[in-house]
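# Notes for the structure review
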Amino acid sequence: MSSIAPSTVPVRDVGLTLKQAHWRWMLTLAVACGALFVFFPFFWMAVTSLKTAPEIQRVPLQIAPDHWFNLGNYIEVFKRQPFLRFLLNSTLVASVAAVSSVVVSSLAGFGFAKYHFPGRNVLFLAIVGILMVPFQSVVVPLYVWMNDLGLLDTYAGIVAPDLVSVFGVFLMRQAIEMIPNDYIDAARMDGGSDLRIFFSVILPSVKPAIATLLIIKFMWSWNEFFWPMVITTSPEMKVVTIGLMSFTNMYFIEYNLLTAAAVLSILPILLIFVLLQRWVVQAVVMSGLK
Amino acid sequence: MQARSMFGILVMAMFVASAAPDAALAQQKKLVLWTHWDQNPEFNKWYAMKGQEFAKKTGYEVEVVTVPYQGYEAKYLAALMAKNGAPDMFMGMTHQWCGQYDFCDKMPADLAKMYDDNLPKYMADIGKWKGVRYGIPIEHGNFQQMYINVDMFRKAGLNPDQPPMKFTGDWIADMKKLTIADPKGGEPAQVGFAIRSKGAPVGITDKFLPFAHAFGARMLSPDLSKATGYANSPEMVAALTFFGDLVNKDKVASLSFGNPEDAFGQKRAAVIFRESWFYGWVKKNAPDVNFKVYALPCEKTCPGAGALFPWTDLVYKNSPNKQVAWEFMRFISNAKDDMEHHQLQGILPVWTANLESDYVKSRPDYQSTKAMLAQPVPPTYFHPKSNELATAFGEAVVGVLFGKGQPKALLDEAAAKMDRILKD
Amino acid sequence: MHEWYRLVFPKNHLDRRKRAGFLFVLPALLFFGFVYLLPLGQSIMYSFYKIVPGGAREFVGLGRYEKVLTDDTFWAAVGNTVQLVFLSVPVTVVCALAVALGLNRIANLKWRNVWASMYFLPFATSLVAAALVWQWIYEPVYGVLNYALSYLGIPPQRWLQSLTQVKPSIAVVSVWVRIGFDTMIFLAALQAIPEEYYEAARMDGANAWQRLRYVTLPMLNAQIIMVCILELIFNFKVFDQVYATTQGGPGGASQTIIMLLYDTAFKYFRFGDASVMAVFVFVTLMVITLLQWRYLRKPIEY
């Protein structure tokens, strides 16, 4: 049953049988248990961030930290690195990457989904092919190329490989394919240009996909490590992931600081997710009532 | 509608994004030094500090960039190949960046002579490639020493002031006394030796080499051109058999104990072989462990102060500021600065003159370091392909530890592989 | 060729339509070309060269291909990667589908968002940080997993340090990371299925299982394909989790192709060989994707 209750529900479905209710409850329980299991490492991360280094090493294992409000690790993280600046940088880079991806991917998705031009499948495959190239083998030539463009150690340099998402093109294509052709033909009858159709028919119809892409791309870009590490040198340009890695080195890992930094780096994403989730729900509810 | 405003945002964001940091300010002349020594922030900061003084003389400051250790090779390679954005000085292994690649500038003759005169004998070759000096060794204490848990020794009826001296003699006997087996046949509650069994094979080779050298074996021929006959010599087989037996026969070491450092810190292992940075780690992470540091045990010969990863400061060949870079190197190349630099971070200084200073004498590893430096210099493997060779060798060691095969067979295989690598 | 000419100089209404489609796709193409074309070309070029000590390059034609493709270590890495893919991908896709179906059924929107956010959280963490936390969870002596298992009477396992358990352990981490991503995609798609279809099925007397099979799954076909392709690609290229934790150990049991590629390029300085491996990965993934695309795709009937 969907959460939007249409008025045309036949009478016999209104009352759930005991068996159906039983299954529904089991399902919810299963989902909830799974969620808790998936969440557990975060709980562990958060708890560890409140422990001191000797506490972490302690055997036998102790789940709770000695002092529940020991924020020493968090303070140390900010002391060691300009972590606030990192958060800012990551936010900027991830936002640009997300927005740019949505724009270009929806355009491309529209082109691939609803138009049949020569080379359509080959070009689509070429784009998906980008994903199949291991980044590690491309990183040095890419760096040299960025250097030629003068983009070393700049925001543009960090975000450049991230501006369009292959996944985005894929997702948008799927989503736009689902739009019935009648809607488009109707708009075309009304004399709309292709671009007009894009804005007035296509975009509103794929709001959930757009929100999904925005969130996913933002997160993906936020968690990039390798490329930002290679392209940045000044401390002011580094991003959160690089800051995280500074608590590991060739000899050992400082778990207390690493987990504190990791918690700090998740908080902004949680915020964005919560905000955008509302929008997703809104969008879906509205489209459901169409 | 939102779509149009999204476009607007995008354009604006791109505009902001193309801004480079502080590009508008007048550029202060500076030398850039790259290092991946994340764990030594004070050491790294010192360069910048000295750079302030240096700037008064020459107008050039020094900027230190710390690169994360994970992935540093890719970052170095990309920058050094692209030339632009490359550092003027960088910290790395001489035989890799100067031997495999051609990124290093030769050290001026006078400076090179100064180092030849002032480095301890076992460091003489560090920073050199084919007899020519390119780099300055920065780490002195990166050879393994024996750390023992004093309390565990006492509990086992052993005297912590008289450490074992021979691997196949008192050392293995002590290890057995320090191991508390599980009566049910499971994993022991406590082991004698904290063995390194996880991670990349290179690291495992690094930890096994003291055993190999003690038994009189070496990984490669003295001219580093051949592996067969050396990596699989009878001495090496004996060493690897002894090492494997620690886990499989004598059971004084266990593969289930995770990180050897953690095992030692949690008092589940009584002995660990680690470098001089380790006592700082113990003080911070396991302050209640009462430990002492001694020279490694010997067998046919003594392992000596050997290192697979000789870190050095190098000057980039294509740097427009390389003359000034060497000036800076000259500026900090004296006993006093060497002392100050290393003492700041709590690591051993490099100059021979500093090895008898009060600071060094006050360290827990003073006597053991002296003892190990007095031993003959062990074989070194400063070959451009050292990573790959050590990995191939390490696979044999891991194979023996995990019971995947017999030492002789695995070593023969590894030696053949190493020869293939050398010939390629 | 004739078609391309018509694309640039459209003769009629239909041609104009085709050109419009091409123009929509153009920004994406231009971007990818601008950023990746040159580096990709160079990378492929490297696969025909050998870097000699000193840094100079030497053209060797297919020599590096021969060397890499006959190397045992390389094929061992391929084997490890394939095993990891088989362990991770089906589990991820099936679990994500199950979770999405379950979430879709939850009537209370607030709770649905809470559970959905939890599933999605792993995706919000840096892969390396997550891998390190998992490594610690898996720690044989003081990791929380063995601690919990000890209450069930199960003896401590070696997990990441066991030759046999290391791959499933890494697979669990991979599934954990990716499940939220796929769940989200499935959930969004599920919510777009019109209620009328279910109504019609119910009218025809279909039970829940049949509704799943004949309404839901066909409607999700496109997303399932996409998720399968993406999961396969990402798991084939797995690197960060393994590099941060086992580094290919113990004894090479968890060394994946990309790990070997990275080591070959940056630790062994054999750029040409690394490029050969990159070409291998690309070709393999392309072939598998094409096969998946061809044989799993079913047209959607409205």
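Residues numbered from 1 in each chain as written. Chains lettered and ligands numbered in written order. Predicted model: local features only at pLDDT ≥ 70, side-chain atom pairs only at ≥ 80, totals over all residues. Heavy atoms only, no water.

### Considering the overall build of chain A
Defined as follows: In this description a helix means any DSSP run of H or I spanning at least four residues, a strand means any run of E spanning at least two, and both kinds are numbered starting from the N terminus. Buried means the residue's accessible area, taken with a 1.4 Å probe over protein chains only, is under 20% of the maximum for its type, while exposed means over 50%, and partly exposed covers the values in between. Every accessible area reported is derived by Shrake-Rupley at a probe size of 1.4 Å, with residue values counting cover from the shown protein chains alone.
Scanning chain A from terminus to terminus reveals 14 helices and 0 strands. Among the 290 residues that make up chain A, the fraction classed as buried is 62%. Accessible surface computed for chain A: about 11,600 Å², of which carbon and sulfur atoms make up 68%.

### Considering the packing of aromatic side chains
As a reminder of what qualifies: Each Phe, Tyr or Trp ring, with Trp reduced to its six-membered ring, pairs with another whose centre is within 6.5 Å; inter-plane angles below 30 degrees give stacked pairs, above 60 give edge-to-face pairs, and intermediate values give tilted ones. Charges are assigned to positions over rings by a cutoff of 6 Å between ring centre and Lys NZ or Arg CZ, combined with an angular limit of 35 degrees from the ring normal.
Under the definition given, this model contains 92 aromatic pairs over all chains. For the pair B:Tyr76 and B:Trp97, a centre-to-centre distance of 5.5 Å together with 50 degrees between the ring planes defines the contact as tilted. Placement of B:Tyr76 in helix α3 (residues 72-82) and of B:Trp97 in helix α4 (residues 94-100) is noted, with a sequence separation of 21 residues between them. Neither residue differs from the other here; B:Tyr76 and B:Trp97 are each classed as buried. These aromatic residues form a ring-pair network of at least three members: B:Trp34, B:Tyr69, B:Tyr72, B:Tyr76, B:Phe90, B:Trp97, B:Tyr101, B:Phe103, B:Trp311, B:Tyr316 and C:Phe269. Here the guanidinium or amino end of B:Arg268 rests over the ring plane of B:Phe257, the centre of that ring lying 5.0 Å away. If you follow C:Arg178 out to its NZ or CZ, it ends over the ring of C:Phe181, 4.6 Å from the centre.

### A few points about α3(B)
Residues and elements named next belong to chain B. Burial analysis of α3 places 10 of its 11 residues in the buried class, the great majority of the element. All of the buried residues in α3 are Tyr 72, Glu 73, Ala 74, Lys 75, Tyr 76, Leu 77, Ala 78, Ala 79, Leu 80 and Ala 82. Where α3 terminates, the next one or two residues include Lys 83, which has phi positive at roughly 70 degrees.

### Re the sheet that holds strand β11 (residues 311-315) of chain B
Residues and elements named next belong to chain B. The criterion, for reference: Pairing between strands requires that DSSP locate at least two bridges from one strand to the other. Working rule for contacts: check all heavy atoms of both residues, and any pair within 4.5 Å makes them a contact. Between N-to-C directions, angles cover 0 to 180 degrees, with each direction set by a line fitted to C-alpha atoms, over the stretch in contact for helices.
Taking strand neighbours across the sheet as the criterion, the 5 strands line up as β2-β1-β3-β11-β6 in an open arrangement whose pairing is mixed. Every other strand in the sheet has two partners, leaving β2 (61-66) and β6 (136-137) as the edge strands with one partner each. Taken together, the 2 bridges between β6 and β11 define a ladder with antiparallel strand orientation. Its bridge partner lying in β11, Pro 137 is registered against Thr 312. Sheet contacts for helix α2 (residues 41-58): β1 (30-35), β2 and β11; angle to β2, the most-contacted strand, approximately 165 degrees.

### A closer look at the sheet that holds strand β10 (residues 291-294) of chain B
Residue and element names in this part refer to chain B. Spatial ordering of the open sheet is given by β8-β9-β7-β10, a layout of 4 strands whose pairing is mixed. Across the chains shown, the open sheet's two edge strands, defined by having one partner strand only, are β8 (191-193) and β10. The mean inter-strand angle of the sheet, taken between neighbouring strand axes irrespective of direction, is 20 degrees. Examined bridge by bridge, strand β7 (residues 145-149) and β10 share 4 bridges and lie antiparallel to one another. Its bridge partner being in β10, Met 146 is matched across the sheet by Tyr 294.

### Looking at the nonpolar core
Definition in use: By convention a nonpolar core is built from buried Ala, Val, Leu, Ile, Met, Phe, Trp, Tyr and Cys residues, the set being connected through side-chain atoms within 4.5 Å.
Of all hydrophobic cores here, the largest spans 357 residues; its most connected members are B:Trp97, B:Trp171 and B:Val271. In terms of residue count, helix α4 (residues 83-114) of chain A provides more of this core than any other element does, 16 residues in total. For B:Trp97, the residues in contact, after removing those within four places along its chain, are B:Tyr72, B:Glu73, B:Tyr76, B:Leu77, B:Leu80, B:Phe90, B:Gly92, B:Asp102, B:Phe103, B:Cys104 and B:Leu314. Within the second largest apolar cluster, 5 residues are counted, among which are B:Met339, B:Leu348, B:Tyr359 and B:Val360.

### Some details on the interface of chain B and chain C
Defined as follows: Two parts placed together each lose some accessible area under a 1.4 Å probe, and the buried area is that loss summed for both. The term salt bridge refers to a pairing of a side-chain nitrogen on Lys or Arg with a carboxyl oxygen on Asp or Glu at a separation within 4 Å.
The interface of chain B with chain C comprises 33 residues on the first partner and 33 residues on the second. Roughly 3,000 Å² is buried in total at the junction of chain B and chain C, and carbon and sulfur atoms are behind 53% of that figure. Taken together, the connections running from chain B to chain C amount to 4 salt bridges. Linking B:Glu73 and C:Lys267 is a salt bridge whose minimum nitrogen-to-oxygen distance equals 3.3 Å.

### Considering the interface of chain A and chain C
The following threshold applies: Here a polar contact is taken to be a pair of N or O atoms separated by no more than 3.5 Å, where protein atoms must pair a possible hydrogen donor with a possible acceptor and residues adjacent in sequence count only if both atoms sit in side chains.
Taken residue by residue, the interface counts 100 residues in chain A and 95 residues in chain C. Across the chain A/chain C interface, buried area totals approximately 9,400 Å², and carbon plus sulfur atoms make up 79% of it. Counting the contacts that link chain A with chain C gives 0 salt bridges. The tally of links from chain A across to chain C stands at 13 residue pairs in polar contact (both at pLDDT 80 or more).

### A short note on the confidence of the model for chain A
Just so we agree on the cut-off: Along the chain, pLDDT gives the predictor's confidence residue by residue, from 0 to 100.
Mean pLDDT over chain A stands at 84; residues scoring 70 or higher make up 89%. Segment residues 1-15 of chain A: pLDDT under 50, and 16 contacts once partners within four positions in sequence are set aside and those in other chains are kept.

### Points about the pattern of salt bridges
If you walk through the whole model with that rule in mind, you get 41 salt bridges over all chains. When the shortest N-O distance is used, the salt bridge between B:Asp116 and B:Lys128 registers 3.3 Å. Here the residue B:Asp116 occupies a position in helix α5 (residues 109-118), and B:Lys128 occupies one in strand β4 (residues 128-129), the gap between them amounting to 12 residues. Across the salt bridge formed by B:Arg133 and B:Asp116, the nearest N and O atoms sit 3.5 Å from each other. On the criterion of sequence distance, the pair formed by B:Arg133 in strand β5 (residues 132-133) and B:Asp116 in helix α5 is long-range, its members being 17 residues apart. Through salt bridges with shared partners, a single ionic network connects B:Glu388, B:Asp424, C:Arg64, C:Lys67, C:Arg270 and C:Asp273.

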